[in-house]
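Commentary on secondary and tertiary structure
Each chain, letter by letter, is given below.
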Amino acid sequence: MTRTEPINAPLRRRRAGRGAAAVAAAATTGLLLTACAEEIPQPAADEPFAGPALTADQETAVVQAVAETVEKADAELAPKQLDARVQGPAREVRASQIKVAKARDDDSLITSIPAELQRMIIPTTESWPRVSFTITEETENLEVPRLVAYEQSSARDNYKMRSWVQLIPGTTMPNFADPEVIGSEAVATDDDSLAASPEQALNRYADLVANGDDSEFADQFELPGDSPDLVQRVQADARNVRGDDGFQEADGSYRLAFASRGGEVVAVRTSDGGALVMGVLDGNVRATVEEDGEIGPLTETQKALIGDEDNTNELYVEYTDQVALYVPPSGSEEKIRPLGYSHVPTDASTSVPAKKDRNTAR
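Residues numbered from 1 in each chain as written. Predicted model: local features only at pLDDT ≥ 70, side-chain atom pairs only at ≥ 80, totals over all residues. Heavy atoms only, no water.

Examining the overall build of the chain
For the chain, the count of helices and strands is 6 helices and 9 strands. The buried share of the chain, taken over its 362 residues, is 58%. Surface exposure of the chain reaches about 15300 Å², of which carbon and sulfur atoms provide 44%. (Helix = DSSP H or I, 4+ residues; strand = E, 2+ residues; numbered from the N terminus. Buried < 20%, exposed > 50% of the residue type's maximum accessible area, 1.4 Å probe, protein only. Areas by Shrake-Rupley, 256 points an atom, 1.4 Å probe, with all protein chains shown as cover.)

Quick look at the structure:
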């Protein structure tokens, strides 16, 4: 489901292996992601709000303008072209994907974000910044829909894409208010009406990504079964490397660190009183083997980011991971559910930097 290659290259003792928009019923029901598009019914929202900050036509215009900018930047392999309509983690990740595409002379790893929509989630926010959300149709090659957040920093600024995730196949989206009649309330990062505030939920999810079943927060989350979320993806990559015979023979060490990035959390109320929460996790992987051994990049993306650096006994990879969670209301018997993610390396090196120079303090 993601455009990042899974880590599956075997490791050896001496050297590691290298491995426009058509808006359909923009309403409030849950969405089950499958290979086929489904009709979306339109139940009434549970409680009224002041009214949406955008019309459906305005939101469509935003999506189109952003798509045109992104398409131009992709076609020209020019990250600076993104600045007019992309910001925050979305720009960071897209710029890295363009860099990798240029280095590989291959744009197949750039995430496709369709402009055709099946749902809008429009805020009732009367102040700025304000954030709207969309769920796209499937891509041309039937990849899963994307959940995309757009932010307007002030009344005079254009809306810009700020983050996106690929929705997890089979996940059920929560219900939202009718975007054309009511709109959905923005939720503060420290909101205490939820099972965990948006900020707390992301911090706990970051710990779960890094530590898997050993996380103290593992029992607060309901992870998907058949289709992996970010936790299962990262932990599977770690098991694959750690379990490699050559890596073990070379006295290999594979360490993970993930932390929620402060100031990058956005959330919107769901019809049941819960929230859709989107944020960013900064992560890094530090792999080392014995001093006279070598470990090379484990994916084509890592190889492109490292460039001409010679292999050493160390490998360092940084990730900017965009994530989306459903957080239930306080008192609910439901658990926090991952809805989607984007797992993209944004930097890599053949030496592990000091802790102060890493993207997390862990």
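Quick word on the side chain of Thr 125
You can see Thr 125 is positioned in the loop between β1 (117–121) and β2 (130–136). Not counting residues within four places of it along the chain, the set of residues in contact with Thr 125 comprises Ala 53, Arg 130 and Ala 186. (Contact = heavy atoms within 4.5 Å.)

Some thoughts on the pairing of strand β4 (residues 160–167)
Burial of β4 is extensive: 7 of the 8 residues sit out of reach of the surface. Note that strand β3 (residues 146–152) and β4 share 6 bridges and pair antiparallel. Note that in β4 the partner of Val 148 across the bridge is Trp 164. With 2 bridges connecting them, β4 and strand β9 (residues 337–349) associate as antiparallel partners. Its bridge partner lying in β9, Leu 167 is registered against Gly 340. (Pairing = 2+ DSSP bridges.)

Section: helix α3 (residues 198–211)
In a regular helix each residue adds 1.5 Å, so 14 residues correspond to 20 Å; α3 covers 20 Å between its end C-alpha atoms and thus fits that length. Within the span of α3, buried status applies to Pro 198, Ala 201, Leu 202, Arg 204, Tyr 205, Ala 206, Asp 207, Leu 208, Val 209 and Ala 210. Residues of α3 that are buried make contact with α4 (230–242), β5 (253–260), β6 (266–269), β7 (275–288), β8 (314–327) and β9. Directly after α3, the chain includes Gly 212, whose backbone phi takes a positive value near 60°. (Expected span 1.5 Å × (residues − 1).)

Quick notes on the packing of aromatic side chains
One pass over the full model with this rule turns up 1 aromatic pair. Note on Tyr 205 and Phe 221: the rings are 5.6 Å apart at their centroids and 40° apart in plane angle, and the pair reads as tilted. Placement of Tyr 205 in helix α3 and of Phe 221 in the loop between α3 and α4 is noted, with a sequence separation of 16 residues between them. According to the relative accessible area criterion, Tyr 205 is buried, its value standing at 1%. Judged by relative accessible area, which is 5%, Phe 221 ranks as buried. Taking the ring centre of Trp 128 as reference, the NZ or CZ of Arg 130 above it sits at 4.1 Å. (Phe/Tyr/Trp six-rings, centres within 6.5 Å; stacked < 30°, edge-to-face > 60°. Lys NZ or Arg CZ within 6 Å of the ring centre and 35° of its normal.)

A word on the nonpolar core
Of all hydrophobic cores here, the largest spans 47 residues; its most connected members are Tyr 205, Val 209, Leu 230 and Tyr 254. Within the residue set of this core, elements represented by two or more residues are α3, α4, β5, β7, α6 (300–306), β8 and β9. With 7 residues, the single largest contributor to this core is α3. Sequence-distant contacts of Leu 230, that is, excluding residues within four places in its chain, are made with Tyr 205, Val 209, Leu 281, Asp 321, Val 323, Tyr 341 and His 343. Judged by nonpolar contacts, the second largest core, of 26 residues, contains Val 66, Ala 73, Ile 110 and Ala 115. (Core = buried A, V, L, I, M, F, W, Y, C linked by side-chain atoms within 4.5 Å.)

Some points on the confidence of the model for the chain
With 86% of its residues at a pLDDT of 70 or more, the chain has an overall mean of 88. Note on residues 9–30: pLDDT is under 50 here. Beyond four places in sequence and across chains, it has 91 contacts. For the stretch residues 34–49, pLDDT sits under 50, and the model shows 30 contacts to residues farther than four places along the chain or on other chains. (pLDDT = per-residue confidence, 0-100.)

Points about the side chain of Thr 69
Mapped onto the fold, Thr 69 is located in helix α1 (residues 56–76). Sequence-distant contacts of Thr 69, that is, excluding residues within four places in its chain, are made with Gln 81, Leu 82 and Arg 85.

Digging into the environment of Arg 286
Here Arg 286 lies in strand β7. According to the relative accessible area criterion, Arg 286 is buried, its value standing at 7%. A sequence separation of 28 residues divides Arg 286 from Glu 314, and the C-alpha atoms of the two residues are 7.4 Å apart. Among the polar contacts listed, one links the side chain of Arg 286 to the side chain of Asn 284, at a separation of 3.0 Å. (Polar contact = N/O pair within 3.5 Å; in protein donor to acceptor, adjacent residues only side chain to side chain.)

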